[in-house]
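Structural overview for review
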Amino acid sequence: DAKTTQPPSMDCAEGRAANLPCNHSTISGNEYVYWYRQIHSQGPQYIIHGLKNNETNEMASLIITEDRKSSTLILPHATLRDTAVYYCIVQIQGAQKLVFGQGTRLTINP
Amino acid sequence: GAVVSQHPSRVICKSGTSVKIECRSLDFQATTMFWYRQFPKQSLMLMATSNEGSKATYEQGVEKDKFLINHASLTLSTLTVTSAHPEDSSFYICSVLTGPNEKLFFGSGTQLSVL
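Here we summarise the structure given alongside this text. All values derive from a computational prediction rather than experimental measurement.

Some points on the nonpolar core
Of all hydrophobic cores here, the largest spans 24 residues; its most connected members are B:Trp35, B:Phe67, B:Leu79, B:Tyr92 and B:Leu112. Only β2 (10-13), β3 (19-25), β4 (32-38), β5 (45-51), β7 (67-73), β8 (76-81), β9 (90-97) and β11 (110-114) of chain B provide two or more residues apiece to this core. Formed by 21 residues, the second largest nonpolar core is a distinct cluster that contains A:Ile47, A:Ile48, A:Ala78 and A:Ile108.

Comments concerning the sheet that holds β3(B)
All names here are of chain B. In spatial order, the strands read β1-β3-β8-β7; together these 4 strands make up an open sheet with antiparallel pairing. The outermost strands of the open sheet, each flanked by one partner alone, are β1 (4-7) and β7. If you compare each strand with its neighbour and ignore which way they point, the axes differ by 15 degrees on average. As paired elements, β3 and β8 share 6 bridges and run antiparallel to each other. For Glu-22, the partnering residue across the bridge sits in β8 and is Thr-78.

What about the interface of chain B and chain A?
Each side of the interface is counted separately: chain B has 19 residues, and chain A has 18 residues. A combined buried area of about 1,600 Å² lies between chain B and chain A, and 52% of that area is made up of carbon and sulfur atoms. Where chain B touches chain A, the interface holds 0 salt bridges. At the junction of chain B and chain A, the tally comes to 3 residue pairs in polar contact (both at pLDDT 80 or more). Breaking the side of chain B that touches chain A down by element, the ones donating at least two residues are β4, β9 and β10 (104-106) of chain B. In terms of residue class, the side of chain B that touches chain A is built from 10 nonpolar, 6 polar and 3 charged.

Focus on the side chain of B:Thr78
All names here are of chain B. With respect to the secondary-structure elements, Thr-78 resides in strand β8. Given the relative accessible area of 10%, Thr-78 is considered buried. Setting aside residues no more than four positions away along its own chain, Thr-78 makes contact with Lys-20, Ile-21, Glu-22, Trp-35, Leu-68, Ile-69 and Asn-70.

Overview of the pattern of salt bridges
All names here are of chain B. Enumeration according to the criterion identifies 4 salt bridges over all chains in this entry. With a shortest N-O distance of 2.9 Å, Asp-88 and Lys-66 are connected by a salt bridge. One end of the pair, Asp-88, is in the loop between β8 and β9; the other, Lys-66, is in the loop between β6 (57-58) and β7, with 22 residues separating them in the sequence. Given the relative accessible area of 4%, Asp-88 is considered buried. Judged by its relative accessible area of 13%, Lys-66 is buried.

Here we look at the pairing of strand β3 (residues 33-38) of chain A
Residue and element names in this part refer to chain A. Across the 6 residues of β3, 6 count as buried, placing the element largely inside the fold. Of the pairings in the sheet, the one linking β3 to strand β4 (residues 45-50) comprises 5 bridges and is antiparallel in character. By the bridge assignment for β4, Arg-37 is matched with Gln-45. Where β3 folds back on β4, the antiparallel hairpin that results is connected by 6 residues, among which Ser-41 adopts a positive phi of roughly 65 degrees. Where β3 meets strand β8 (residues 84-90), 6 bridges bridge the pair, whose relative direction is antiparallel. Opposite Arg-37, over in β8, you have Tyr-86 as the bridge partner.

Quick notes on the state of the cysteines
On inspection of all chains with the given rule, the structure shows 2 disulfides over all chains. Note on cysteine connectivity: A:Cys22 is disulfide-linked to A:Cys88, with sulfurs 2.1 Å apart. On the sign convention where negative means left-handed, the S-S torsion of about -80 degrees between A:Cys22 and A:Cys88 marks this disulfide as left-handed. In this pair, A:Cys22 is assigned in strand β2 (residues 18-23) and A:Cys88 in strand β8, connecting sequence segments 66 residues apart. The class of A:Cys22 is buried, set by a relative accessible area of 2%. Taking relative accessible area as the criterion, A:Cys88 reaches 0% and is therefore assigned buried. Disulfide pairing is shown between B:Cys23 and B:Cys94; the S-S distance is 2.0 Å. Taking the sign of the S-S torsion, about 80 degrees here, the bridge from B:Cys23 to B:Cys94 comes out right-handed. With B:Cys23 in strand β3 and B:Cys94 in strand β9, this residue pair connects regions lying 71 residues apart in the sequence.

The rules we used
- Residues numbered from 1 in each chain as written.
- Chains lettered and ligands numbered in written order.
- Predicted model: local features only at pLDDT ≥ 70, side-chain atom pairs only at ≥ 80, totals over all residues.
- Heavy atoms only, no water.
- Core = buried A, V, L, I, M, F, W, Y, C linked by side-chain atoms within 4.5 Å.
- Buried < 20%, exposed > 50% of the residue type's maximum accessible area, 1.4 Å probe, protein only.
- Helix = DSSP H or I, 4+ residues; strand = E, 2+ residues; numbered from the N terminus.
- Pairing = 2+ DSSP bridges.
- Axes fitted to C-alpha atoms, helices over the stretch in contact; angles between N-to-C directions.
- Contact = heavy atoms within 4.5 Å.
- Buried area = accessible area lost by both parts, 1.4 Å probe.
- Salt bridge = Lys/Arg side-chain N within 4 Å of Asp/Glu carboxyl O.
- Polar contact = N/O pair within 3.5 Å; in protein donor to acceptor, adjacent residues only side chain to side chain.
- Nonpolar A, V, L, I, M, F, W, Y, C, P; charged D, E, K, R; others polar.
- Disulfide = S-S within 2.5 Å.

Listed below in structure tokens is the structure:
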């Protein structure tokens, strides 16, 4: 079972920051939070991951709350090409496999 | 990062035939690959874990005799859908794990349509 909860859909204006929330209240101490996105009819694309510290890369920032029960993916300047389904995933310890939930369908509007 | 090549990108076949999908890790030796299936407007569902040189591990409810997985080398895993039926029509995606706490790299997917 997926261990995360995300809103099914969100809209964001082009050029604005897109903030995608994710709840993972049952996360274990050594489980990571991963974010992937899937553009229509393509394989998913890795975005970012973290354990407990906030992370930033060229694509996005990941903010993890101190209690690690939730996180937010931030796309700082959304473009139309960021329209996709975004998946927040908690890694299952030891199994080395990722279980995908339903994700958030993000639509960037011009 | 690892580049994963999946082939074919799209296949249409008649009911009762078998279809082979290839997943290649182009710049990483992958001892483990994963196969997912995705129906329209649904999330990815893990089908099986492919282990180089050993038998694949199938998720509950996935028929191992119908979905044959072969991982004969560190760069190639194949999924064969045997005796395909229309209900097998789906988007099949492979992925490569680059380390125990690392990220997955995905292929571009194969859209299978069974007539």
